[in-house]
Amino acid sequence: MILSCADLCRQLDLPPPTPPLPDLTGVATLAAAAPGDLCFVEALDQHGAIAASAAAVVLAPLDFPEPIPRNVIRVPKPREAFFTIAERFLPPPDYSGIHPDASIDPTAALGSQVTIAPGAVLAAGVSLGDGSVIGPGVYLGPCVEVGRHCVIHANVTVQRDTRIGDRCIIHSGARIGGDGFGYQWDGSGHRKVPQLGRVVIEDDCELGSNVCVDRATLGATTVGRGSKIDNLVQIAHNVRLGEHVIMVAQSGIAGSTRIGTGCIIAGQAAISDHLRIGDGARVGGQAGVTNDVAPGAAVNGTPARAVGRNLREQAALGRLPTLLKQVKRQQQLIATLESRLAQLEGSGDPEKGG
Amino acid sequence: MILSCADLCRQLDLPPPTPPLPDLTGVATLAAAAPGDLCFVEALDQHGAIAASAAAVVLAPLDFPEPIPRNVIRVPKPREAFFTIAERFLPPPDYSGIHPDASIDPTAALGSQVTIAPGAVLAAGVSLGDGSVIGPGVYLGPCVEVGRHCVIHANVTVQRDTRIGDRCIIHSGARIGGDGFGYQWDGSGHRKVPQLGRVVIEDDCELGSNVCVDRATLGATTVGRGSKIDNLVQIAHNVRLGEHVIMVAQSGIAGSTRIGTGCIIAGQAAISDHLRIGDGARVGGQAGVTNDVAPGAAVNGTPARAVGRNLREQAALGRLPTLLKQVKRQQQLIATLESRLAQLEGSGDPEKGG
Amino acid sequence: MILSCADLCRQLDLPPPTPPLPDLTGVATLAAAAPGDLCFVEALDQHGAIAASAAAVVLAPLDFPEPIPRNVIRVPKPREAFFTIAERFLPPPDYSGIHPDASIDPTAALGSQVTIAPGAVLAAGVSLGDGSVIGPGVYLGPCVEVGRHCVIHANVTVQRDTRIGDRCIIHSGARIGGDGFGYQWDGSGHRKVPQLGRVVIEDDCELGSNVCVDRATLGATTVGRGSKIDNLVQIAHNVRLGEHVIMVAQSGIAGSTRIGTGCIIAGQAAISDHLRIGDGARVGGQAGVTNDVAPGAAVNGTPARAVGRNLREQAALGRLPTLLKQVKRQQQLIATLESRLAQLEGSGDPEKGG
């Protein structure tokens, strides 16, 4: 991939550079740049770092002061501009076309320009949209629907009847559509409650490596449009995630809980079953949510409470060992006062003593 | 799958419906039902929901009041009856027979009516019981024994020498028989302690997606009969799980700990190594167990303590910020009393002052 | 595998046994030993256990007292000697050679004596060092470099450009090189920040089952030489793990955090992003680290604090419910003192009252 700076400027709505700048062959940090790399700076005092870098071109803030020791293109937001350009350098899919070492049921319906890597297995009735990429060792179960321009990375499992929207990215080892965890004690053992629902992943979602999303008992477990799920997250049966939800690594949601639009669930947080988390709520890292959370609220701790309250309680807890000593000393002071007072009462009012 | 209501009634020990009811083609919630679906209600005021549903037949409580807007079969426990019937609608395995795209060592011993999906790999000396189903991309290592009527879902790894009993269900991505996590510092690095034991999963167990059960250093890591393990659970080397244990998602047990019969370990709980958790004990969500737990006890919190004590402490913690202020005010009150008392002592007993 | 005791003694720098001892065919605990097995004892009162065992030979401490009911070899450190010998009984790889059911791109560069199991997929430009073993269903993406004498167990995914050093062990289901979790809100959705860096695993590392190590945004996520990572651990983008780090199961590290040499991160601990954890620091189980940790420090709790402080606070918390009652009683005592004092003041100094 070679990108001309004229092309870059066109994409960023900038005038072409004069004099012309060298072509770009990659992107990097200043410290790691090789010749040909595009870099960026945000702070205004990075002249030394720029001078020491092998970068071909550096994106810098509009007010970056002269003299500049290397080719610079000034832009209003260097970081954003950099990552916009960086997308151009993303590698192509690992494979292209349909590999002969894939195992594809003849009833599978494949869109145009799909990629299916070696070792992938597509069961009966699978439907795969235009331009989607299925990685090595992926299993798509019966009647799974995958939309257009999805990327399903290696060794993912998508079980029967799951529907995945357009432009989704599923990272390796994710498990979509396993049975929900439901049993009923029958007197001699835990009897399995049949899990007959499915999973629906709406458009523009990204699921991290080794994520688990269980199928519903009846109906659907749903991940709303634009939601982004980090690695090793657990989403139980019948959970409904709203749109644009963020779930950070190793967090988990128990059965039938509903998460509102735009919620942020931090790492290792847990949310109990059958709760409602309101739109825009934020759940802190390692929090354990055992009650509904109001829209826009921020909670933390186990059991989770309002962030401010949790902070006050944690701060107070830090003062507790000292408080224990203080109360003990007060006990002594009170006892002393008591005895001194009793003595005064005895001496100062002798007639009452009789 | 089409089920006649006469057949349904026979299975539920009910008389055949008169007049006859329509055949059933699926199961669903009232809200999601399509024509042909069986549904159920538990509450007695669901006439509106029933009327609005497309359900063919509804299982309702014995005392469900007339008039009923749709075909109803009355049963003592509608939910249980519903899920009993729902099992009839479970789909067949994704594949049947032995697929030519599986890689099976010639020394593997296969029972009758087994299913082996494309991409499955069976190593030397594997033994597979009658009616068991091996999903796509599953790996069964050397000398693995799988009992009868098991279902091992896609992309599971079962390492060398593991024994899995009858009627077990292993969900996709589970890792059984990886090395235990044991090292000894040798002065220059962590030297690996060889892990030469194995894993034994007894009959009627279910292991969730991406669960890890490590092999023992020597001997066996054991999951007792009828135990049910949710997604993303960690079971370390030499752990012994009793029968009918429930472990909820993302919980973990460290090395050599023994879990008694019928214990319930809630989500994200952690249990330290070399402990004994007594029969019927319950460990709360996100609890961190660092000591033995008595049979039947319920613990919570980190470090885990009795549930009642934890509740009292958490409630007390909520009052701590106020308490701090209160003690500070008492300090002032005591100082005031002290000075007033000193004044009284000085004035009321002047001869002593000299 | 048959091992003569003469050979065993040679390896342990001991004189050959006189009279000669039987050959060994395995290793086990005393309780589980079959004839032919080597066992060990550490305590000096294990004569009964030895007598009851079928062990062929027992390694015992130098001062183990006579009479000994079975063949014994005395060694200074029986446990260490035992596991040194136990390594001889580790099984060979599950497969040998390059299996025809593997899918190997013709541009892959394979060292001598490599093993590639059925169902493994090696993409273009992969480089595999001498003696390395690739398990069934493993995917090595484009330009992945694997060093010499590595073992990559079944169903592992190693994404594009990852570099793995020599003598590494990667357990089944590990995901190396998935995209880091980075987004920027663009007004209508979370826009993905391209993840263009890679993962570097240095020599002598071991990664557990279903571990996730994400690629860097730019540059590299690094696992330092000799580090050992347990199952289901999350290592986010741009994290740098020092050498000889231990991370226990289900722990996680957020983006860009640096972990010093020899740190120990216990189970289910979480470390926030952009922190520095000093060399030799220890993070307790389920701790939530939200600030830098000094070299050699030990922290615990959420939010994490010094272990001693956390212990004091937890102990104090246990006394808090009683403290609340005590302070309430003091309030009453103070009120009583106050009224008694007021009475004294009124009676004892009447002229002032006017």
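Residues numbered from 1 in each chain as written. Chains lettered and ligands numbered in written order. Predicted model: local features only at pLDDT ≥ 70, side-chain atom pairs only at ≥ 80, totals over all residues. Heavy atoms only, no water.

- As annotated in an unreviewed UniProt entry, chain A carries the name UDP-3-O-acylglucosamine N-acyltransferase and is attributed to Thiorhodococcus minor.
- We quote the UniProt Pathway (unreviewed entry) comment for chain A here in full: "Bacterial outer membrane biogenesis; LPS lipid A biosynthesis."
- Regarding chain A, the UniProt comment filed under Subunit (unreviewed entry) reads as follows: "Homotrimer." (UniProt positions renumbered as here; feature names shortened; annotations may be inferred.)

1. A closer look at the interface of chain C and chain A
Step number 1: Taken together, the contacts link 70 residues of chain C with 63 residues of chain A.
Step number 2: Taken together, the two surfaces of chain C and chain A that pack against each other cover about 5,200 Å², and 59% of this comes from carbon and sulfur.
Step number 3: Where chain C meets chain A, there are five salt bridges.
Step number 4: Between E345 of chain A and R340 of chain C there is a salt bridge; the shortest N-O distance is 2.8 Å.
Step number 5: Secondary-structure elements contributing two or more residues to the side of chain C that touches chain A are β8 (121-122), β17 (175-178), β18 (183-185), β19 (190-192), β22 (212-214) and α4 (307-348) of chain C.
Step number 6: Partitioning the side of chain C that touches chain A into residue classes produces 31 nonpolar, 26 polar and 13 charged. (Contact = heavy atoms within 4.5 Å. Buried area = accessible area lost by both parts, 1.4 Å probe. Salt bridge = Lys/Arg side-chain N within 4 Å of Asp/Glu carboxyl O. Helix = DSSP H or I, 4+ residues; strand = E, 2+ residues; numbered from the N terminus. Nonpolar A, V, L, I, M, F, W, Y, C, P; charged D, E, K, R; others polar.)

2. Examining the relation of the copies chain C and chain A
Step number 1: Each copy of the sequence occupies a distinct position, and chain C is placed on chain A by a rotation of 120° and an axial shift of 0.0 Å, giving an RMSD of 0.1 Å. With respect to symmetry, the two chain copies, as superposed, fit the operation of a three-fold axis. (Least-squares fit on C-alpha atoms with pLDDT ≥ 70 in both.)

3. A word on the environment of D101 of chain C
Step number 1: With respect to the helices, strands and loops of the structure, D101 of chain C is situated in the loop between α3 (78-86) and β5 (103-104).
Step number 2: Considered as a pair, D101 of chain C and Q113 of chain C are twelve residues apart in the sequence and their alpha carbons are 18 Å apart.
Step number 3: When residues no more than four places from it in sequence are discounted, the contact partners of D101 of chain C are S103 of chain B together with P118 and G119 of chain C.
Step number 4: Looking at D101 of chain C, its side chain comes within polar contact range of the side chain of S103 of chain B, at 2.9 Å. (Polar contact = N/O pair within 3.5 Å; in protein donor to acceptor, adjacent residues only side chain to side chain.)

4. Some points on the pairing of strand β20 (residues 198-201) of chain C
Residues and elements named next belong to chain C.
Step number 1: Of the strand pairs in this sheet, strand β15 (residues 163-164) and β20 are connected by two bridges, and their pairing is parallel. Bridged to R163 within β20 is V200.
Step number 2: The sheet contact formed by β20 and strand β23 (residues 220-223) spans four bridges and is parallel. From the neighbouring strand, V199 faces β23, where its bridge partner is T221. (Pairing = 2+ DSSP bridges.)

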